[in-house]
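# Summary of the model geometry
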Amino acid sequence: MRLALISDTHLAPVAAAFNANAEAAIDWIETWAPDAVIHLGDVTADGAEDPDQFEHARVLLSRLSAPLHCLPGNHDVGDCPPANGTKEPPFSSRRLAQFRAALGADQWWFARDGWTLIGLNSQLFASGDPEDALQAEWLENELAAVRGPVALFLHKPLVLETHEDTPDHPRFAPLEARRRLARLLADRPALVVSGHVHQHRRRRIGVADHLWAPSTAFLLPDSVQPRLGDKQVGLLTLELSPDGGWRAEMVSPAAMVSHDVLDHPEVYPQVLEMKRSAM
């Protein structure tokens, strides 16, 4: 099975530079012709505050021919704890309903070529919303019936280095969710794929392989975020074989531009203050 993975497109009518990079990704994906496309979240620049951005994103992404499976990110539906002073809006069921209406289910599964592919809404983790418990129960029931390898997709990476990393950091899943997922995946071959960090990295942690997808939209400079992997705009291809093997490659189409988020106050006015603080 051949999958194209895109993440952190940050689409909005005002985000012309980010829209153009997403269009370059779509053009490349159409040439490669995957079996499906998975969007790992932060589809919109700020759909959590401006729901009209969802329709803009839906129209742009409708150019994809392959089936599209989307997951929500913090810019789409708000963030889960810990916020740690990031000023992100909190997760809300209202924002999630807006995401679902425009982009479809926020959790899903399908099986092919011996693999079970599961999409999770990481923004529910530790949110206190009843859907967090429902999602956890749904996942446990689904995995109980699976015997082959599992590929798990979500917006936030589960871990930086280990499932016991402390203290909790807003870039990664909360400790409680990490421990629960580690327990569920402990006895099976697993691949965990995420976005959110705007960096590409692959690492084996415990019994699972963890793969980070880059952003198509922009880079976060080292003054804003530590360098944890490769900082480059692009997308990933992922090929899953029936024997449980997999192969991933990063692709940066020639038409993509490596934007620095600090250069785009038209999308995120708050970067002006960040630039002043760095001077």
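Residues numbered from 1 in each chain as written. Predicted model: local features only at pLDDT ≥ 70, side-chain atom pairs only at ≥ 80, totals over all residues. Heavy atoms only, no water.

### Here's the deal with the pairing of strand β7 (residues 190-194)
Formally: Only protein chains enter the accessibility calculation, which uses a 1.4 Å probe; a residue whose area is less than 20% of its type maximum is buried, one above 50% is exposed, and one in between is partly exposed. Strands are runs of DSSP state E lasting at least 2 residues, helices are runs of H or I lasting at least 4, and numbering of each runs from the N terminus. Strand pairing is assigned whenever DSSP detects at least two bridges linking the two strands.
When you tally the buried positions in β7, you get five out of five residues, the bulk of the element. Covered by surrounding structure in β7 are A190, V192 and S194 together with L191 and V193, the residues of both alternating faces. Of the strand pairs in this sheet, strand β6 (residues 150-153) and β7 are connected by four bridges, and their pairing is parallel. Bridge assignment links F153 to a residue of β7, and that residue is V193.

### Brief notes about the side chain of N19
Quick reminder of the rule: Polar contact is defined as a pair of N or O atoms within 3.5 Å, subject to the rule that within protein one atom must be able to donate a hydrogen and the other to accept it, and that residues adjacent in sequence are counted only when both atoms are side-chain atoms. Here, two residues are considered to be in contact whenever any of their heavy atoms come within 4.5 Å of each other.
Position of N19 among the secondary structure elements: in helix α1 (residues 16-32). On the basis of relative accessible area, N19 is assigned to the buried category, the value being 8%. A distance of 3.3 Å separates polar atoms of two side chains, one belonging to N19 and the other to H56. Each residue touching N19, except ones within four places of it in the same chain, is listed here: L11, A12, P13, H56 and L60.

### Description of the packing of helix α5 (residues 130-144) against helix α6 (residues 175-185)
Operational definition: The angle between two axes is taken between their N-to-C directions and runs from 0 to 180 degrees, where each axis is a line fitted to C-alpha atoms and a helix contributes only its stretch in contact. Any angle that is under 35 degrees is reported as roughly parallel, and any over 145 degrees as roughly antiparallel; angles of 65 to 115 degrees are reported as roughly perpendicular and all others as oblique.
One way to put it is that α5 packs onto α6 with a least axis distance of 11 Å and a crossing angle of 10°. Overall, the two elements α5 and α6 adopt an arrangement that is roughly parallel. Facing D132, A136, L139, E140 and L143 of α5, the residues of α6 in contact are R180, L181, R183, L184 and L185.

### Focus: the sheet that holds β7
As summarised here, the arrangement of the six strands in space is β4-β5-β6-β7-β9-β8, forming an open sheet in which the pairing is mixed. Only two strands of the sheet have a single neighbouring strand rather than two, namely β4 (108-112) and β8 (201-205). Each strand axis lies, on average, 15° off the axis of its neighbour in the sheet, ignoring direction. Bridge count for strand β5 (residues 115-119) against β6 is four bridges, and the pairing is parallel. Among the inter-strand pairings, T116 is bridged to a residue of β6, identified as V150. Here α5 sits on the sheet and contacts β4, β5 and β6; the angle it forms with β5, its principal contact strand, is near 180°.

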